[in-house]
Amino acid sequence: MEHSDQLKNTDLMTLTRFILNEQHKYPEATGDLTILLNHIALGCKFVQSAVNKAGLAKLIGLAGEQNVQGEDQKKLDVLSNDVFIKALTSSGRTRVLVSEENEDAILIEKGKRGRYCVVFDPLDGSSNIDCAVAVGTIFGIYQVTEPEREGKIEDVLQPGTKMVSAGYCMYGSSCELVLTTGEGVTGFTLDPSLGEFILTRANIKIPKAGKIYSVNQGNAVNWDAPTTAYVEACQKKTKSLRYIGSMVADVHRTLLYGGIFLYPADKKSPSGKLRVLYECFPMAFIMEQAGGQAFTGKGRMLELVPTKLHERSPIFLGSYDDVEDVKKLYAEKASS
Ligand code: AHM
Ligand code: MG
């Protein structure tokens, strides 16, 4: 885009300015969350740059290691994890970090500690990394109230309702950062020539109902009755099926166009596939803030209380009415 066009289309509200403006609404705010979010944005820019040149810089392929979930790590998984751990630690504002790629929580040492705990999936959508399909980073932030004490895993084993901020960054045909601090959802696009995230979508609201459903239908033989009934109903209504296989990209489309994304339980994975802390909760927080819903098959996603760091959960999230239909089917099953 020509810079003159860009100036016509936006008042060049950068992510940094946006966060600072938000901070100024709260006289008691210390600026710590602003600094932390800026470090997360820096991590996103770094990963975006690596993802962009992955094919050229020999960054595609396996790293030769497995993560805690027994999944083969890709070189970009490992690089992105290192980037975010460094960015978060060097912010001086974190106390506990939980990454999809690390078995244990990282407890920040005294002197470098801050008030925030960050749970994150540094590069989600591993199966799409090597073929240049959109992948993304997902993060959620909790706050510790007691100053200076050592971090502990209980600081993050908390329901999603306690998150103070969450977001994702999608590395796609453009680099899109979507953020909530509990007062709506805002979208930013990275301007590669400026190296800045520019506000492109203020106050995102998901359509109340949508015409798209998104699920790995290859697992259908193993689904439970309510999921099967729901997907059959989608097909009868001739809804469109879209499934990328990168949660960030599937959720981003769902947020903007409406509809539903589901990764349900099945006979092979009775708890579903997606991880509560750094995949389900942040996306559920964003969906609710945009006027949608997120459901586990039993209750509201954000009210689940995780008991371990890498816990999984089924998830149904998206437009309010579409998730409501799923909830009704599960309620009927429970009462039968
Ligand atoms: P990952 O964290 O190893 O990348 O796995 C999570 C991804 C999600 O992005 C996506 O929604 C899901 O796995 C796709 O799983 P499947 O290939 O079973 O459909
Ligand atoms: Mg993931």
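Thresholds applied
- Residues numbered from 1 in each chain as written.
- Chains lettered and ligands numbered in written order.
- Predicted model: local features only at pLDDT ≥ 70, side-chain atom pairs only at ≥ 80, totals over all residues.
- Heavy atoms only, no water.
- Helix = DSSP H or I, 4+ residues; strand = E, 2+ residues; numbered from the N terminus.
- Rg over C-alpha atoms; globule rule 2.2 N^0.38 Å.
- Buried < 20%, exposed > 50% of the residue type's maximum accessible area, 1.4 Å probe, protein only.
- Contact = heavy atoms within 4.5 Å.
- Areas by Shrake-Rupley, 256 points an atom, 1.4 Å probe, with all protein chains shown as cover.
- Lys, Arg positive; Asp, Glu negative; His and termini not counted.
- Charge placed at Lys NZ, Arg CZ, Asp CG, Glu CD.
- Expected span 1.5 Å × (residues − 1).
- Disulfide = S-S within 2.5 Å.
- Arc of directions from axis to C-beta.
- Pairing = 2+ DSSP bridges.
- Axes fitted to C-alpha atoms, helices over the stretch in contact; angles between N-to-C directions.
- Donors = N, O, S within 2.8 Å, 3.2 Å for Na, K, Ca; no water.
- Near = heavy atom within 4 Å.
- Polar contact = N/O pair within 3.5 Å; in protein donor to acceptor, adjacent residues only side chain to side chain.
- Nonpolar A, V, L, I, M, F, W, Y, C, P; charged D, E, K, R; others polar.
- UniProt positions renumbered as here; feature names shortened; annotations may be inferred.
- Phe/Tyr/Trp six-rings, centres within 6.5 Å; stacked < 30°, edge-to-face > 60°.

Q: Could you clarify how one ought to interpret the overall build of the protein in this entry?
A: Broken down by element type, the protein carries eight helices and 15 strands. The C-alpha atoms of the protein give 19 Å as radius of gyration, which agrees with the globular expectation for 336 residues (20 Å, within 12%). If one aligns the C-alpha atoms of the protein with their principal axes, the spans along those axes are about 55 × 50 × 45 Å. Across the 336 residues in the protein, those meeting the buried criterion constitute 53%. Of the contacts made within the protein by residues no fewer than 6 positions apart, 64% connect residues no fewer than 24 positions apart. Total accessible area on the protein stands at roughly 15,000 Å², and carbon and sulfur atoms take up 53% of it. Measuring between centres, the 38 positive side-chain charges of the protein sit 2 Å from its 41 negative side-chain charges.

Q: Help me out: how do you make sense of the side chain of Thr186 in this one?
A: By the secondary structure assignment, Thr186 is in strand β9 (residues 185–191). Ignoring sequence-local partners within four residues, the contact set of Thr186 consists of Phe18, Leu177, Val178, Leu179, Leu199, Arg201, Ala202 and Ile204.

Q: Can you walk me through helix α8 (residues 320–335) in this structure?
A: Because each turn of an α-helix spans 3.6 residues, side chains separated by three or four positions in sequence point in the same direction. For α8, which comprises 16 residues, the first-to-last C-alpha distance of 22 Å matches the rise-based estimate of 22 Å (1.5 Å per residue) to within 8%. Buried positions along α8 lie against α5 (225–236), β13 (260–263), β14 (293–295) and β15 (315–318).

Q: I keep staring at the state of the cysteines and nothing clicks. Help me out?
A: Covalently bonding the sulfur atom of one cysteine to the sulfur atom of another cysteine gives a disulfide. Enumeration over the complete set of coordinates arrives at zero disulfides. Free cysteine Cys169: the closest other cysteine sulfur is in Cys175, separated by 3.5 Å. Overall, the relative accessible area of 0% leaves Cys169 in the buried class. Note on Cys280: no disulfide assigned, nearest cysteine sulfur contributed by Cys234 at a separation of 19 Å. Under the relative-accessibility criterion, Cys280 is labelled buried at 0%.

Q: Just to check I follow, could you spell out helix α2 (residues 15–24) for this structure?
A: For α2, the full list of buried residues reads Leu15, Phe18, Ile19, Glu22 and Gln23. In a view along the axis of α2, the buried residues occupy a sector of 140°, so they form one face of it. For α2, the secondary structure elements touched by its buried residues are α3 (32–52), β8 (175–180), β9 and β10 (196–201).

Q: Would you mind going over the sheet that holds strand β5 (residues 116–124) with me for this structure?
A: With mixed pairing, eight strands are arranged side by side in an open sheet as β4-β3-β5-β6-β7-β8-β9-β10. The strands lining the two open edges of the sheet, one partner per strand, are β4 (106–107) and β10. As paired strands, strand β7 (residues 165–171) and β8 are joined by six bridges and run antiparallel to one another. Looking at the pairing, Gly167 lines up with Leu179 of β8. In this fold helix α6 (residues 247–257) packs onto β5, β6 (135–143), β7, β8 and β10, with an angle of close to 105° to the strand it touches most, β7.

Q: What's the story with the coordination of the magnesium ion (ligand 2) in this structure? I'm lost.
A: Working reference: metal with six octahedral donors, ideal angles 90 or 180 degrees; metal with four tetrahedral donors, ideal angle 109.5 degrees. Protein coordination at the magnesium ion (ligand 2): the donors are Glu100 (OE), Asp121 (OD), Asp124 (OD) and Glu279 (OE), at 1.8 to 2.5 Å from the metal. Classification of Glu100 as buried rests on a relative accessible area of 4%. Judged by relative accessible area, Asp121 falls into the buried class, the value being 0%.

Q: Would you mind showing me how to read the site of ligand 1 here?
A: Around ligand 1, the surrounding shell holds 17 residues, and the nearest of these are Asp124, Gly125, Tyr243, Met247 and Tyr263. The side chain of Asp121 places a nitrogen or oxygen atom 3.4 Å from an oxygen atom of ligand 1. Take Met247: an N or O atom from its main chain is 2.6 Å from an oxygen atom of ligand 1. Here ligand 1, which alone exposes 480 Å², has 87% of that area covered by the protein. Among the secondary structure elements, those contributing two or more residues to the shell around ligand 1 are β5 and β13. Along the lines of polarity and charge, the residues of the shell around ligand 1 split into five nonpolar, five polar and seven charged.

Q: Any chance you could explain the UniProt feature "domain: Fructose-1-6-bisphosphatase class 1 C-terminal" (unreviewed entry) in the protein here in plain terms?
A: Here, the residues flagged by UniProt with the feature "domain: Fructose-1-6-bisphosphatase class 1 C-terminal" (unreviewed entry) are residues 206–330. Counted over residues 206–330, helix gives 38% and strand 13%. Its end C-alpha atoms are 23 Å apart.

Q: Teacher, can you tell me more about unusual backbone geometry here?
A: Phi is positive for Asn203, close to 45°, though the residue is something other than glycine. Within the secondary structure, Asn203 sits in the loop between β10 and β11 (212–214).

Q: Explain the packing of aromatic side chains to me, please; I cannot follow it from the model alone.
A: Aromatic ring pairs are reported here in terms of the distance separating the ring centres and the angle at which the planes meet. Using the criterion set out here, one finds five aromatic pairs in the structure. Plain terms: the ring middles of Phe84 and Phe120 are 6.2 Å apart, the flat faces sit at 45° to each other, and that makes the pair tilted. A residue pair is termed long-range when its members are at least 10 positions apart, and Phe84 in helix α4 (residues 75–90) and Phe120 in strand β5 qualify at 36 residues. With relative accessibility at 2%, the residue Phe84 sits in the buried group.

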